[in-house]
Amino acid sequence: MIGVYDSGIGGLSVLQALRAELPGEDVIYLADSGHGPYGERERDHVLRRARRVTAYMFERGVQALVVACNTATAAAIEELRNEHPDLPIIGVEPALKPAVALSQTRRIGVLATRGTLNSEKFARLLHSLQDQAQFVLQPCDGLALAIENSLNTSASAQADLLECASLHVRALGPIGHGPGEIDTVVLGCTHYPLVAAQLHALIGQGIALVETGAPVARQTRIRLATLGWRESHTQSAAHIELLCTGSVDGLQEAARRWLQADAQARSIPLN
Ligand code: DGL
């Protein structure tokens, strides 16, 4: 059984990839929406929540934990690994390296939360690649929340999402394949791939959008294999348990939409 968590529904973009990579494994997915979004909160809050969620997953007996949130990974992964040395903990980080490999203009846009972009972990990543490309960083305040709210199909929720996304995309500056233009955009928050179609429409169809779901899923499988963990090959479909600390309806609708999973979401008080 694998534990996967995020501040909300964003981690479902990683879970989608995990299910393709490890189809036989049962999963507990926890959306900490009662205490999110994390992106504009203090690091201490995100770290406290990471410890609380990890303790819960540990009690539930997960064999591995995927922190399917860039903001939580940046704030807490080192502490979580130190505090749980026997639990494999896999995190996510904005895919700057794959973007460098793809970009021709060497100008790369990075959309992520303020918490991720302000973190020391991200600063180290950026520093290691700074001589290979120019990175234009855009803290996308409000975007993860607008994506959560967009599950509500009302026209105003959809309009708010588009307005927020286009504001942040415009702030990146010129996008295209000409010299000095951004030709590759990193989706550095796990919520953003859920609205990749809308982002593509705003950014331009010929521009590469780079996300981390598939590489993280691959890394999880490899990590587990090196620990001698054998994949289940049962014929029955793996079980997904959906838990959240906020609204059950949102998570359930999101899972139905992006995972084609009809599992019943359950609310847990995790204070
Ligand atoms: N999905 C998360 C991330 O990858 C967090 C978004 C938020 O809670 O602000 O950063």
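Please refer to the structure higher up on the page.
These lines cover the structure that appears in this document, whether it is placed above or below. (Residues numbered from 1 in each chain as written. Predicted model: local features only at pLDDT ≥ 70, side-chain atom pairs only at ≥ 80, totals over all residues. Heavy atoms only, no water.)

1. Thoughts on the pattern of salt bridges
The cut-off we apply is this: One speaks of a salt bridge when a side-chain nitrogen belonging to Lys or Arg is within 4 Å of a carboxyl oxygen belonging to Asp or Glu. Each helix is a run of H or I in the DSSP string that is no shorter than four residues. Each strand is a run of E no shorter than two, and both are numbered from the N terminus. Burial here depends on accessible area, computed with a 1.4 Å probe over protein chains only, as a share of the maximum for the residue type. Under 20% is buried, over 50% is exposed, and the range in between is partly exposed.
Enumeration according to the criterion identifies 11 salt bridges in this entry. Among the salt bridges present, the one from Glu241 reaches Arg60, with a minimum N-O distance of 2.8 Å. One end of the pair, Glu241, is in strand β9 (residues 240–244); the other, Arg60, is in the loop between α2 (43–59) and β3 (64–67), and 181 residues separate them in sequence. Residue Glu241 is classed as buried on the basis of its relative accessible area, which comes to 15%. Residue Arg124 pairs with Glu78 through a salt bridge whose shortest N-O separation is 3.0 Å. Here the residue Arg124 occupies a position in helix α6 (residues 120–129), and Glu78 occupies one in helix α3 (residues 70–83), the gap between them amounting to 46 residues. In this structure Glu78 comes out as partly exposed when scored by relative accessible area, which is 45%.

2. Describing helix α1 (residues 12–21)
Which entries qualify depends on this criterion: Contacts are assigned to residue pairs that have any heavy atoms within 4.5 Å of one another.
For α1, the full list of buried residues reads Leu12, Ser13, Val14, Leu15, Ala17 and Leu18. Packed against the buried residues of α1 are β1 (2–6), β2 (27–31), β3, α10 (213–226), β9 and α11 (248–259).

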